[in-house]
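# Remarks on the overall topology
In case you want the letters, here they are:
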Amino acid sequence: MAGAVDSPRPLFRRFVVVAQALAFSAPLALLRKTPRLQLSGFALALLGVGLLVGPAAAQTPDATRRGGYIFDLAGCAGCHTDVKNKGPLAAGGRELKTPFGAFYGPNITPDPQYGLGRWKEADFVRAMRHGIRPDGNRYFPVFPYTSFAKMSDEDLHDLWGYLRSLPPVAKPSRRHDIGFPFRLRFLQIGWQWLNFSTGAFKVDPAKSPEWNRGAYVVQALGHCGECHTPRNIAGATRPSLYLAGTRDGPEGSKVPNITPDPETGIGKWSPGDLADLFKSGMTPDGDFVGATMAEVVRNSTSKMTDADLKAMIAYLRAVPPFRNDIRAVAK
Amino acid sequence: MTTVSRLALAMIGLVGVLGVATYSAEAQMNMMKQIEHRQEVMKGNGGAMKVLTPIVRGEAPWNQAAAVQAATTLANTAKEINALFPQGTGPEAGKTDALPAIWQNWADFQAKGQVFNEATTKLLQLAQANDEAGFKAQFPNVGKSCGGCHEGYRVKKQ
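Residues numbered from 1 in each chain as written. Chains lettered and ligands numbered in written order. Predicted model: local features only at pLDDT ≥ 70, side-chain atom pairs only at ≥ 80, totals over all residues.

### Side note on the overall build of chain A
Selection criterion: For helices the rule is a DSSP run of H or I covering at least 4 residues; for strands it is a run of E covering at least 2, with both sets numbered from the N terminus onward. With C-beta atoms placed from the backbone, a residue counts as buried when 20 or more other C-beta atoms lie within 10 Å of its own, as exposed when 12 or fewer do, and as partly exposed for counts between those limits. Placing a C-beta atom from the backbone of each residue, one calls two residues in contact when those atoms lie within 7 Å.
A tally of regular secondary structure across chain A gives 13 helices and three strands. The burial tally for chain A puts 40% of its 331 residues in the buried class. Within chain A, contacts between residues at least 6 apart in sequence are counted, and of these 66% link residues at least 24 apart.

### Regarding the overall build of chain B
Our working definition: Throughout, the radius of gyration refers to the C-alpha atoms, and the reference size of a globule is 2.2 Å times the residue count to the power 0.38.
Of the regular secondary structure elements, chain B holds five helices and zero strands. The C-alpha atoms of chain B give a radius of gyration of 22 Å, which is well past the 15 Å a tight globule of 158 residues would have. Seen through its principal axes, chain B has C-alpha atoms that stretch 85 × 30 × 25 Å. Relative to its full complement of 158 residues, chain B shows a buried share of 30%. Partitioning the intrachain contacts of chain B with sequence separation of at least 6 by distance along the chain shows that 70% fall at a separation of at least 24.

### Topic: helix 5 (residues 132-153) of chain B
The periodicity of an α-helix, 3.6 residues per turn, causes residues three or four positions apart to be oriented the same way. Heads up, the rule is: Each residue after the first adds 1.5 Å to the expected span of a helix. Two axes enter the definition of the bend at a residue: one is fitted to the seven residues ending there, the other to the seven starting there, and the bend is the angle between them.
Over its 22 residues, helix 5 of chain B runs 32 Å from end to end, which matches the ideal 32 Å to within 8%, given 1.5 Å per residue. Along helix 5 of chain B, the helix axis deviates most sharply at B:Gln138, where the bend reaches about 25°; the proline B:Pro140 sits within four residues downstream.

### Observations regarding the nonpolar core
What counts here: To define a nonpolar core, we join buried Ala, Val, Leu, Ile, Met, Phe, Trp, Tyr and Cys residues through C-beta atoms within 7 Å and take the resulting set. The domain boundaries here were taken from an automatic or database domain assignment.
Membership of the largest hydrophobic core comes to 82 residues, with the highest contact counts inside it found for A:Met128, A:Leu221, A:Met312, B:Leu52, B:Ala71, B:Leu74 and B:Leu123. Two domains each provide a minimum of three residues to this core, namely domain 1 (54-195) and domain 2 (209-316) of chain A. If we skip the residues at most four places from it in the chain, B:Leu74 touches B:Asn45, B:Ala48, B:Thr120, B:Leu123 and B:Val142. Of all hydrophobic cores here, the second largest spans six residues; its members include B:Ile102, B:Phe109, B:Cys149 and B:Tyr153.

### Some points on the packing of helix 3 (residues 61-73) of chain A against helix 7 (residues 153-165) of chain A
For any two helices packed against each other, the geometry comes down to the angle between their axes and how far apart the axes lie. Residues and elements named next belong to chain A. Counted only if it meets this: Here, axes are lines fitted to C-alpha atoms. For helices the fit covers the stretch in contact, and angles between N-to-C directions go from 0 to 180 degrees. Orientation labels follow simple angle bins: below 35 degrees gives roughly parallel, above 145 gives roughly antiparallel, 65 to 115 gives roughly perpendicular, and whatever is left gives oblique.
Closest axis-to-axis distance for the helix 3/helix 7 pair is 7 Å, and the angle between their directions is 95°. The orientation of helix 3 with respect to helix 7, classified from their angle, is roughly perpendicular. Facing helix 3, whose interface residues are Ala-63, Thr-64, Arg-66, Gly-67, Gly-68, Ile-70 and Phe-71, helix 7 presents Asp-155, Asp-158, Leu-159, Gly-161, Tyr-162 and Ser-165.

### Side note on the interface of chain A and chain B
Formally: Residue polarity follows a fixed list, in which Ala, Val, Leu, Ile, Met, Phe, Trp, Tyr, Cys and Pro are nonpolar, Asp, Glu, Lys and Arg are charged, and the others, Gly among them, are polar.
At the junction of the two partners, chain A supplies 19 residues and chain B supplies 20 residues. For the side of chain A that touches chain B, the per-class residue count stands at five nonpolar, seven polar and seven charged.

### Looking at the packing of helix 4 (residues 106-128) of chain B against helix 5 of chain B
Residues and elements named next belong to chain B. The test is simple: Note on convention: the crossing is left-handed when the near helix lies turned anticlockwise from the far helix by less than a right angle, right-handed when the turn is clockwise.
Packing of helix 4 against helix 5 brings their axes to within 9 Å, and their N-to-C directions diverge by 160°. Classified by the angle their axes make, helix 4 and helix 5 are roughly antiparallel. Between helix 4 and helix 5 the crossing geometry is left-handed. Taking contact as the criterion, the partners of Phe-109, Lys-112, Val-115, Phe-116, Ala-119, Thr-120, Lys-122, Leu-123, Leu-126 and Ala-127 in helix 4 are, on helix 5, Gly-134, Phe-135, Gln-138, Phe-139, Asn-141, Val-142, Ser-145, Cys-146, Gly-148, Cys-149 and Tyr-153. Per-class residue counts for the contact of helix 4 with helix 5 are 13 nonpolar, six polar and two charged.

### A closer look at the sheet that holds strand 3 (residues 177-178) of chain A
Residues and elements named next belong to chain A. Put simply, the rule reads: Should DSSP find at least two bridges between two strands, the strands are taken to pair.
With respect to topology, three strands assemble into an open sheet ordered 1-2-3, the strand pairing being antiparallel. Where the open sheet ends on each side, the last strands, each with one partner, are strand 1 (95-98) and strand 3. Bridge count between strand 1 and strand 2 (residues 101-104): four bridges; the pairing is antiparallel. Bridge pairing in strand 2 links Lys-97 to Ala-102.

### Observations concerning the domain arrangement of chain A
Buried accessible area, meaning the area lost when the parts come together, often serves as the stated size of an interface. All names here are of chain A. According to the domain assignment, chain A contains domain 1 (54-195) and domain 2 (209-316). Each of domain 1 and domain 2 has a C-alpha centre, and the two are 22 Å apart. Tallying the contact residues gives 21 residues for domain 1 and 21 residues for domain 2. Looking at the side of domain 1 that touches domain 2, the elements with two or more residues in it are helix 3, helix 4 (76-80), strand 1, helix 6 (145-148) and helix 8 (187-195). For the side of domain 1 that touches domain 2, the residue count by class is 13 nonpolar, five polar and three charged.

### Focus: helix 12 (residues 291-299) of chain A
When you tally the buried positions in helix 12 of chain A, you get seven out of nine residues, the bulk of the element. Buried residues along helix 12 of chain A sit against helix 3, helix 4 and helix 11 (271-280) of chain A together with helix 5 of chain B.

### Considering the pairing of strand 2 of chain A
Alignment of strand 2 of chain A against strand 3 of chain A, held across two bridges, turns out to be antiparallel. Counted as the bridge partner of A:Ala102 is A:Asp177 from strand 3 of chain A.

### Notes on unusual backbone geometry
A:Phe180 connects to A:Pro181 through a cis peptide bond whose omega is 5°. With respect to the element layout, A:Pro181 can be found in the loop between strand 3 and helix 8. Within the chain, A:Ala291 stands out as a residue other than glycine whose phi angle is a positive 50°. Residues other than glycine seldom take positive phi values, yet B:Asn130 does so here, at roughly 60°.

Here it is in structure tokens:
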């Protein structure tokens, strides 16, 4: 087993996050007031984007259908639909328990009061690419903008078109239930500064188009690493342990190592084994995945085109293997 | 009250306390045995699915005898699926991935068990009828019925 992945105790984690937050929030709060020019330049740039995109925002049915596919692959329904209580699509309400508290996916239907009805496309793009709300506050990284930032302009545009096409639902979003000090949104400015840099997915010309498509599906749309990559004490994913699994998954579950390590990962799985998992949820030992992965299969992977499925499998089998046995140590 | 009757009363009380203690310890043991039994049965299901997978994928030739045997395992489990989850065999009794939500939503859990039952009964009938195409078409429905409970009622913690 790899000792490197041992997570610190929650109390220690809390302490470090608080210390970190205090250290970074003060100078950042000052920063926020001073560079007016920079901010207004940013606002102008956004306005520019808005003007550019504005007239072109009329959606063709084809683009809406593509947007629906992006919605599925990105698993939006998972957090933004309260399936347990038979809530309407994308109207929010689902609870996600994390080590920091319970989060509730908000309403993302086009309802003007409770959903995204008053948003401009530029607001949506900024949320997805930069993790910034229309009011300027930062999102908690439980909203995986850290992955969605990699989405292509076209996919974001189509997804926005699809969201606009959904029936509006007048249902208020539920407040997150997070402990102090994590609930302080301004701390997220420091978090972003430390842990996040935006940028669309870059094609690696040295790799095949299939690998690149698979990488895009896994990294940008599927946001697989948000659960399968262990996080550091500040709750940021650790790139060196990409997809290596963790004992601190959402809902208190263990999240398996999905690197191609033969002993602790998926190294012994055939492409057919992986295809079965993604289509039906069945694992090579005849078990069926449960909890959050069952949801991913239902909402996302079972709806993928064969080409995307193949690309994703090819990419996952080519990820650097990492030896990390999440079952080795009882928590 | 005489001393003797007081003594007798105390004895009765003592026996009662001991009895309850033994009884609950025994109940606890039974619950744990139930959990272990359930896990064995579920492993058996996994084994059956593992036999069927290469056949359904076309990696192994159609084998009616194997199909009937594996489908029988699944159908038999499905018939007693609710009985495998008696009240008190959740995480409070021992190491299990079964969630308390099972007993909080018992009607829904039963309904999902019924879906599993119907799916596996049909699978077995198709195997017995030697209907290869029908069997292969029904197989994913069985999988779906497994996932149906694993999603809301099981979280892998071990």
